[in-house]
Structures are given as C-alpha cells and as structure tokens.
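This is what each chain is made of:
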Amino acid sequence: MPVQNGELCEAVRHSGCAMDEAKYSSSLCMPPPATNFTHMASITRLYFKDITNLSDARFAAAADADFVGFSFDPASSNYVEPSRMMEMRGWLSGPQIVGNFNLIAPDELNREIAEYSLEAVEVPYEIYAGYARSVHAPTIMRLKLSALDQAGIRHFDGDYLLLHADALFPNWTLTKANRQLFQLLQDACAQTRCIIDIPAETTQLREMVAALDPYAICLYGGQEQRPGIREFADMQEKLEALED
C-alpha cells in the first residue's frame, strides 16, 4: 500500500531528526534513506559535495560526514536554490554546512554567509588566495592539481586546501604515477588541512588515504530515481572501504 505524506512525516519524526514541520515543504517530507550497512568510524574525514536532494543529505549525516556541501553557483548543474538548501539542512544534525561558490566578491560572499548561516565556504584558490581573513567563515580553497606548487603550499592562508583532479591529472592512478606531483600532494597534506578530491576506484581509496594522510576526502551526491528513492550501493562500498 502506498505510504501517505502524513505517514512519511511521522516516520521521519521518529527517526531522531529534529524539525519544525511548519517550516518545511511537503516535497521534503520523506523518510530517511534506507541503508543496509552499519557505519563504522572512517580512517579519514568525509566531505560530501554537490548535494542536491534530501536522500543524499540524510545519508551523508548518517555516515558521520564532517562537511556537507551545496552549490551556490547558478552556472553549476548541481546548483540548489538557497531556500531549498535551508529546508534540507533543517533535517540534518552533525555535519558542517558548506556553501560552494565560484565567481563572487568578498562583500557578497559575506552577505550569503550571514543570510544562510553557512559554517564554511568553498571558493576558488586563485581568487581568494591572500584574502581568506576577509571572509566571515572558514574557507575551503579549491585548487586544481596541475596548479599546485611549493609556493602555494608555503603561503596558503585559508583554513582548508581542497585539491581536485583536472584534465592533466584526472584520477588517482595518473596522479600517483607523477613523482613530482605525488611529493607535492604529500607536502600539502603534511603542511595544511588538505582535502583530496581525486577520483579513485573503490579498491584504491584506502591506498590513497594511506599514501597521503589527508585531512579529508570528497565523496559526491547523485540523483534520486524519484523523490525519496536513491540507490546507495556504490556509496556504501566506498564507506566500507574506508572503515577504520
């Protein structure tokens, strides 16, 4: 028998997630995502990025994510209206809420931080390097792997350095094969709170974390099959590979 909307709200209320029902739209009134794994402590911190739906947001919180990120860039395919992000965050407890921005001036960024109570912001390194202290929230500075150098590591002034794959180094296999880049990555992880955003096979995740000892690694949200329905098998495999 189909479950009615009111029954879904009741199921969520008894799942342990605090909420004020009057604040949230019926489109977000759904139970937490079903999972068949018992989450264990991870060998590294987790940053779930590009969250676009409540299923992924709730899954990230259940996985003890340290950060849950939402795109504030209207040009991104993962852009989420700030009002909808606020609705989703009302169902979460635990992770720091991150706003992901691209081209934005410091004054406007600070207004967004204040308006939406963002607990951290992800911004481009090339724009905000040297200006982190002007931002009214912890900064996660995003830099592509091919732009990493020793000067950038030494003079880094943000709170977290996020290093992401690019066309030259699109995955972990090609990244670790470049000795100079591999050494730079190790130095970055040793000298900064470095978050690694490099695609890797599930079987390579543990190796990557052991080789670099990063502050955190990135995992990505996906699309729901339909509202409230999401397949998490691949994500569960990644979390199991990272169990302590």
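Rules and cut-offs
- Residues numbered from 1 in each chain as written.
- Predicted model: local features only at pLDDT ≥ 70, side-chain atom pairs only at ≥ 80, totals over all residues.
- Heavy atoms only, no water.
- Helix = DSSP H or I, 4+ residues; strand = E, 2+ residues; numbered from the N terminus.
- Buried < 20%, exposed > 50% of the residue type's maximum accessible area, 1.4 Å probe, protein only.
- Polar contact = N/O pair within 3.5 Å; in protein donor to acceptor, adjacent residues only side chain to side chain.
- Contact = heavy atoms within 4.5 Å.
- Salt bridge = Lys/Arg side-chain N within 4 Å of Asp/Glu carboxyl O.
- Phe/Tyr/Trp six-rings, centres within 6.5 Å; stacked < 30°, edge-to-face > 60°.
- pLDDT = per-residue confidence, 0-100.
- Pairing = 2+ DSSP bridges.
- Axes fitted to C-alpha atoms, helices over the stretch in contact; angles between N-to-C directions.
- Right-handed = clockwise from strand over helix to strand, strands pointing away.

Along the chain, Lys-49 falls in strand 1 (residues 45-49). For Lys-49, a relative accessible area of 5% gives the class buried. Here Glu-122 takes part through its side chain, which lies 3.0 Å from a polar atom of the side chain of Lys-49. Ignoring anything within four residues of it in the chain, the contact list for Lys-49 reads Gly-69, Asn-100, Glu-122, Leu-162, Asp-197, Cys-218, Leu-219, Tyr-220 and Gly-221.

Under the criterion given, the structure shown has 9 salt bridges. Where Arg-230 meets Asp-56, a salt bridge forms, and the shortest distance between an N and an O atom there is 2.8 Å. Placement of the pair is Arg-230 in the loop between strand 8 (216-220) and helix 10 (233-241) and Asp-56 in helix 2 (residues 54-62), with a sequence separation of 174 residues. Residues Arg-230 and Asp-56 agree in their burial class; the two are buried.

Now for unusual backbone geometry. Its identity is not glycine, yet Ser-117 carries a phi of approximately 50 degrees, on the positive side. Here Ser-117 shows up in the loop between helix 4 (106-116) and strand 4 (120-124). By relative accessible area, which is 43% here, Ser-117 ends up partly exposed. Positive phi is not limited to glycine here, since Asp-213 has a value of about 50 degrees.

Positionally, Lys-238 belongs in helix 10. Assessed through its relative accessible area of 17%, Lys-238 is described here as buried. Every residue in contact with Lys-238, bar those within four places of it in the chain, is listed here: Thr-202, Leu-205 and Leu-219.

Examined against the element boundaries, Pro-214 turns out to sit in the loop between helix 9 (205-212) and strand 8. Along the backbone, Pro-214 and Ala-190 are 24 residues apart, and their C-alpha atoms lie at a distance of 7.9 Å.

Okay, the packing of aromatic side chains next. Enumeration according to the criterion identifies 9 aromatic pairs in this entry. A centroid spacing of 4.9 Å and a plane angle of 35 degrees characterise the contact between Phe-72 and Phe-101, whose relative ring orientation is tilted. Of this pair, Phe-72 sits in the loop between strand 2 (67-71) and helix 3 (82-89) while Phe-101 is found in the loop between strand 3 (96-100) and helix 4, placing the two residues 29 residues apart along the sequence. Taken individually, Phe-72 and Phe-101 each receive the classification buried, so the pair is uniform in this respect.

With that out of the way, let us pick up the confidence of the model for the protein. A residue-level look at the protein finds 84% of positions with pLDDT of 70 or above and a mean pLDDT of 86. Throughout residues 1-27 the model reports pLDDT below 50, and contacts reaching past four residues in sequence, or to other chains, amount to 35 contacts. Here residues 31-37 is modelled with pLDDT under 50, and outside its nearest four sequence neighbours on either side it reaches 19 contacts, counting other chains as well.

The next subject is the sheet that holds strand 4. Taken together, the 8 strands give a closed barrel; going around it, the order is 1-2-3-4-5-6-7-8, and neighbouring strands pair in parallel fashion. In this sheet, adjacent strand axes meet at a mean angle of 25 degrees when their direction is disregarded. Helix 8 (residues 179-191) contacts strand 6 (160-164) and strand 7 (194-197) of the sheet and is inclined by roughly 140 degrees relative to strand 7.

Let us look at the pairing of strand 8. Two faces belong to every sheet, and in a regular strand the side chains alternate between them. With 4 of 5 residues buried, strand 8 is to be regarded as a mostly interior element. Bridge analysis of strand 1 against strand 8 gives 5 bridges, and the strand direction is parallel. The residue bridging Lys-49 from the neighbouring strand is Tyr-220, located in strand 8. Remark: the strand 7/helix 9/strand 8 crossover connection has right-handed handedness.

Next up on the list: the pairing of strand 4. Extensive coverage of strand 4 is indicated by the burial of 5 of its 5 residues. Of the pairings in the sheet, the one linking strand 3 to strand 4 comprises 3 bridges and is parallel in character. Looking at strand 4, one finds that Asn-100 is bridged to Glu-122. One crossover worth recording links strand 3 to the parallel strand 4 by way of helix 4, and it is right-handed. Here strand 4 runs beside strand 5 (residues 139-144); their pairing, made up of 4 bridges, is parallel. Across the sheet, Pro-124 pairs through a bridge with Arg-142, a residue of strand 5.

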